[in-house]
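Here's the letter readout for the chains.
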Amino acid sequence: MFFKDVIVKIHNGLHTRIAAMVVNKASEIKGRYNVDLYISRKNSKSPLAISMLALVSLKIQENETITVSSKSSDPLSQIAVNELCDFISKDLVSNNSSMNKIDAIIEESTIANEQIIDNVPIGIIVIDSNSYITSVNNYALKLIDKTSREVMGKFVRDIIPNSDLPNIISSREKQFGKIQHINNHITMVNRSPIFLGEKIIGAIGVFQDVSEIVGMKELNEKFKKILASSHDLICFVDEYGKVSYVNPAYEKNLKVHGNEVTGKDIFELSPKGLRVKVFQSKEKIENRVQHKNGIDIISTVEPIFIDDEFKGVISTSKTVDDIKDLLSKLEKSEEELNYYKEELIKHTRLNSSFKDIIGSSSSLRDALTICEKASKSTSTVLIRGESGTGKELVAKAIHNNSPRKNNPFVRVNCAAIPENLLESELFGYEKGAFTGALKSKPGKFAIANGGTIFLDEIGDMPISMQVKLLRVLQEREFESLGGLSPQNIDVRVIAATNRNLEEMIEDKSFREDLYYRLNVISINLPPLRNRKEDIGLLVEYFIDKLNKKLNKTIIGVDKECLLLLQEYPWPGNIRELENIIERAINLSDSSIITPKDLPSFLNNNNISLKGSLINTHNGELLPFEEYEKEIIKLAMEKYKSYNQAGKALGLTHRTISLKCKKYNI
Ligand SMILES: Nc1ncnc2c1ncn2[C@@H]1O[C@H](COP(=O)(O)OP(=O)(O)OP(=O)(O)O)[C@@H](O)[C@H]1O
Ligand SMILES: [Mg+2]
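Note that the structure is predicted; figures quoted are calculated from it, not measured. (Residues numbered from 1 in each chain as written. Chains lettered and ligands numbered in written order. Predicted model: local features only at pLDDT ≥ 70, side-chain atom pairs only at ≥ 80, totals over all residues. Heavy atoms only, no water.)

A. Structural detail: the packing of helix α22 (residues 535–550) against helix α24 (residues 573–587). Two numbers describe how α22 lies on α24: the axes approach to 10 Å, and their chain directions differ by 50°. The angle between the axes of α22 and α24 places the two elements in the oblique class. α24 is crossed by α22, and the crossing has right-handed handedness. Of the residues in α24, those touching α22 at Leu538, Val539, Phe542, Ile543, Lys545, Leu546, Lys549 and Leu550 are Ile574, Leu577, Glu578, Ile581, Glu582, Ile585 and Asn586. (Axes fitted to C-alpha atoms, helices over the stretch in contact; angles between N-to-C directions. Helix = DSSP H or I, 4+ residues; strand = E, 2+ residues; numbered from the N terminus. Parallel < 35°, antiparallel > 145°, perpendicular 65-115°, else oblique. Left-handed = near helix turned anticlockwise from the far one by under 90°. Contact = heavy atoms within 4.5 Å.)

Now the structure itself:
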């Protein structure tokens with residue numbers, strides 16, 4: 001290399017005409033010595049091949065120093081360099097002044113042209129026949145994010161790696177409407193060779209940023225945001241095998257800067273990589289583990305086709321660390337899920353036996369809370385409540401919810417068994433214990449061993465039996481009739497009654513000591529009239545249950561009907577409600593139960609609606625027996641049996657049968 005500095009002493013610097021003269025001189029010198037000459041600003045590291053455009057673009061001002069150079073430093077090159085320097089410092093200066101007017105005209109038109117080119121909203125890049133950039137406008141500079149100084153005179157592919165302009169020079173053919181990715185912009189490019197006669201002196205690329213087109217821009221922005229915020233490592237490769245985009249996660253995890261890879265050829269970046277494989281095979285590769293730049297990643301690479309035309313490949317990867325992280329999060333949430341599942345199972349199991357006990361009133365809920373606790377213990381339970389309030393239902397639920405649920409639940413109706421049979425019923429007898437005892441028979445206590453015995457209607461147990469029961473409860477053993485030795489038992493006792501045991505103790509018809517033995521856990525079931533808010537729920541529940549049983553499709557009761565049901569005092573409680581609903585379902589000829597489907601005592605503008613049980617005539621009160629007679633008559637009409645009528649009225653079947661005789665019912 002040989003070079004020489006020369007000060008430009010020309011008024012207005014190296015302007016267009018002067019540049020033309022320098023170019024002309026340089027080509028004349030080349031013709032003579034066959035030496036290519038280069039020019040640059042002093043101290044600039046990149047000398048430009050001397051061309052019109054290169055010189056003008058340097059915008060060398062008056063008194064600036066430029067360097068003229070040649071590649072070689074042989075004598076001919078030295079002569080060539082010196083000759084051009086002399087030309088610039090002497091010949092040009094001496095004939096300069098006469099040309100001032102012409103220069104002004106040329107300058108004006110050049111500046112005007114430059115202004116035009118700089119202000120059109122399209123990018124323009126011009127290269128010379130050696131593919132060096134000779135001209136580039138503002139729009140293009142913005143797009144490639146460079147200054148004029150950084151690009152002028154540079155090999156075009158050093159600036160835009162995927163530029164196709166050099167191919168235009170070799171193919172001599174124009175290209176229209178090609179899509180090119182430049183710096184995350186999508187551009188549409190026209191490329192054209194520049195001819196001087198037959199000779200190609202360069203090529204021009206004109207491009208527009210189509211990612212700016214309205215709508216497309218918005219979409220593009222959203223798309224970019226998605227890519228930018230993704231945790232996956234994403235890389236696009238265009239149809240020429242050049243990386244056109246990598247997202248921030250890619251940059252961060254693989255520790256590369258986007259600028260270092262975009263525009264680069266994947267065949268050079270990683271010739272054995274998955275992207276190259278897919279680029280060549282056009283077949284998707286899924287979930288392949290790779291070790292790259294010091295980290296393990298799992299990648300999926302697939303080809304992109306648009307309208308059946310191959311458009312490149314896209315690779316998405318996750319770091320193995322990310323996946324491990326996800327896995328541990330997943331494991332954690334699975335653990336949590338299992339915990340909640342177990343809790344749910346516990347919860348539903350806990351309530352499964354109680355779920356058929358309908359009602360949300362606080363009085364019922366309070367009772368049920370005690371039931372749940374009772375089911376966890378083996379203590380004796382005494383259930384109190386009017387007839388039909390669900391004493392038996394609750395007793396069964398306590399058993400079914402207790403650890404004994406797989407052992408027997410044995411119900412003994414103390415009111416229904418004749419006094420003389422009750423003992424053998426409870427405790428059994430041995431063969432030959434009495435005349436007619438041909439076989440031995442186990443008693444209810446023995447049958448219930450390991451489980452629960454439910455002593456229903458305990459208030460109706462004869463006093464003689466109460467003693468024996470007390471002994472069983474105290475000793476946890478009993479003797480069967482004719483048995484030789486006492487038998488040990490493990491039986492949980494639940495007793496129930498609708499009788500007022502405290503009054504009976506006063507009357508001496510119930511043993512106080514037995515009362516205390518039984519009343520360890522006490523459960524009081526509220527009468528339905530005290531929890532009217534449950535009526536709606538119960539009606540729904542029974543309609544549902546009875547629809548299935550009766551194969552009907554009743555959907556509900558109307559408003560008026562519900563009001564009547566809520567007004568009624570329900571002496572027979574839930575059992576009575578269930579019966580009335582069953583009757584109504586049978587009677588109803590539509591899908592909704594209306595007041596006409598209810599019994600008349602509920603329906604007529606009757607006693608209960610006035611809030612009083614007794615319909616006094618003109619305020620006159622009758623002797624008590626008159627009312628007793630009427631109520632027993634009503635009960636018998638309704639229930640048709642002493643037992644049922646007794647239950648409804650809270651009396652024993654014996655009392656009812658006695659009263660019926662008395663009143664001739
Ligand atoms: N809360 C409730 N939810 C649903 N059904 C109930 C409820 N309470 C009671 N029942 C139903 O009402 C009817 C009467 O209940 P149960 O036989 O348990 O009452 P009881 O108190 O034992 O009556 P009695 O003193 O007359 O023997 C049963 O069919 C029962 O299923
Ligand atoms: Mg009962």
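B. How the structure looks around the site of ligand 1. With respect to spatial proximity, 19 residues lie near ligand 1, and among them Ile358, Ser387, Gly388, Lys391 and Arg575 are the closest. At a separation of 2.9 Å, a nitrogen atom of ligand 1 approaches a polar backbone atom of Ile358. The separation between an oxygen atom of ligand 1 and a polar main-chain atom of Thr389 is 3.3 Å. Burial of ligand 1 by the protein amounts to 90% of the accessible area it has alone, namely 620 Å². (Near = heavy atom within 4 Å. Polar contact = N/O pair within 3.5 Å; in protein donor to acceptor, adjacent residues only side chain to side chain. Areas by Shrake-Rupley, 256 points an atom, 1.4 Å probe, with all protein chains shown as cover.)

C. The arrangement of unusual backbone geometry in detail. Even without being glycine, Asn34 reaches a positive phi, approximately 55°. Position of Asn34 among the secondary structure elements: in the loop between α1 (16–33) and β2 (37–41). Here Asn34 falls in the exposed class, since its relative accessible area comes to 61%. (Buried < 20%, exposed > 50% of the residue type's maximum accessible area, 1.4 Å probe, protein only.)

D. Helix α13 (residues 274–281), seen in detail. Those residues of α13 not exposed but buried are Leu274, Arg275, Val276, Val278 and Phe279. Looking one or two places after α13, you find Lys282, whose phi comes out positive at around 60°.

E. How the structure looks around the nonpolar core. The biggest cluster of nonpolar side chains holds 31 residues, and the ones touching the most others in it are Leu426, Phe445, Leu455, Ile458 and Phe510. When residues of this core are traced back to their parent elements, those giving at least two are β16 (409–413), α17 (419–427), β19 (452–456), α19 (463–475), β22 (492–497), α20 (501–506) and α21 (512–518). Ranked by residue count, the leading element in this core is α19, at five residues. Judged by nonpolar contacts, the second largest core, of 30 residues, contains Leu37, Leu48, Val68 and Val81. (Core = buried A, V, L, I, M, F, W, Y, C linked by side-chain atoms within 4.5 Å.)

F. The arrangement of the pattern of salt bridges in detail. Here the structure, examined in full by the defined rule, presents 37 salt bridges. For Glu425, the salt bridge identified is with Lys444, shortest N-O distance 3.6 Å. Highlighted residues: Glu425 in helix α17 and Lys444 in helix α18 (residues 444–447), separated in sequence by 19 residues. It is possible to trace a salt-bridge network through shared partners that takes in Lys25, Glu28, Arg32 and Glu83. (Salt bridge = Lys/Arg side-chain N within 4 Å of Asp/Glu carboxyl O.)

G. Expanded view of the sheet that holds strand β5 (residues 123–128). Spatially, the five strands line up as an open sheet ordered β6-β5-β9-β8-β7, and their pairing is antiparallel. Pairing within the sheet leaves two strands with one partner each, and these edge strands are β6 (133–136) and β7 (175–182). Mean inter-strand twist for the sheet, computed between neighbouring axes without regard to direction, equals 25°. The pairing of β5 with strand β9 (residues 199–209) spans six bridges and is classified as antiparallel. By the bridge assignment for β9, Asp128 is matched with Gly202. (Pairing = 2+ DSSP bridges.)

H. Focus on the packing of aromatic side chains. Throughout the structure, instances matching the rule amount to 14 aromatic pairs. Seen from their ring centres, Tyr541 and Phe542 are 5.4 Å apart, and the 55° between their planes marks the pair as tilted. By relative accessible area, which is 3% here, Phe542 ends up buried. These aromatic residues form a ring-pair network of at least three members: Phe267, Phe279, Phe305 and Phe310. In this structure, Lys282 is placed above the aromatic ring of Phe279, and the distance from its NZ or CZ to the ring centre is 5.3 Å. The lysine or arginine in question, Lys282, covers the ring of Phe310, its NZ or CZ lying 4.1 Å from the ring centre. (Phe/Tyr/Trp six-rings, centres within 6.5 Å; stacked < 30°, edge-to-face > 60°. Lys NZ or Arg CZ within 6 Å of the ring centre and 35° of its normal.)

I. Expanded view of the sheet that holds strand β14 (residues 309–319). Strand order in the open sheet made by the five strands is β11-β10-β14-β13-β12, with antiparallel pairing throughout. Where the open sheet ends on each side, the last strands, each with one partner, are β11 (243–246) and β12 (285–292). Here the average twist between neighbouring strands, direction ignored, is 25°. Where strand β10 (residues 233–237) and β11 come together, three bridges link them in antiparallel fashion. Counted as the bridge partner of Cys235 is Val246 from β11.

J. The pairing of strand β15 (residues 381–385), seen in detail. Burial runs high along β15: five of the five residues are buried. Residues Val381, Ile383 and Gly385 line one face of β15 and the alternating positions Leu382 and Arg384 line the opposite face, and both faces are buried. As paired elements, β15 and β22 share four bridges and run parallel to each other. Paired with Val381 across the strands is Ile494, a residue of β22. Across five bridges, β15 lies against strand β23 (residues 521–525) in parallel orientation. Opposite Val381, over in β23, you have Ile521 as the bridge partner.

K. Spatial organisation of the side chain of Asn573. By the element assignment, Asn573 lies in helix α24. A distance of 3.0 Å separates the side chain of Asn573 from the side chain of Glu386, its partner in a polar contact.

L. The environment of Arg517, seen in detail. The topology assignment puts Arg517 in helix α21. On a C-alpha basis, the gap between Arg517 and Ala20 in space is 126 Å, while along the polypeptide they are 497 residues apart. Setting aside anything within four residues of it in sequence, one finds Arg517 in contact with Thr380, Leu470, Leu473 and Gln474.

M. Here's a closer look at the environment of Val35. Relative to the helices and strands, Val35 resides in the loop between α1 and β2. Taking relative accessible area as the criterion, Val35 reaches 7% and is therefore assigned buried. Sequence separation between Val35 and Phe207 is 172 residues; the distance between their C-alpha atoms is 36 Å. In this structure Val35 touches Lys30, Ser70, Leu76, Ser77 and Ala80, once residues within four positions along its chain are discounted.

As far as function goes, none of this settles anything; it's purely spatial.
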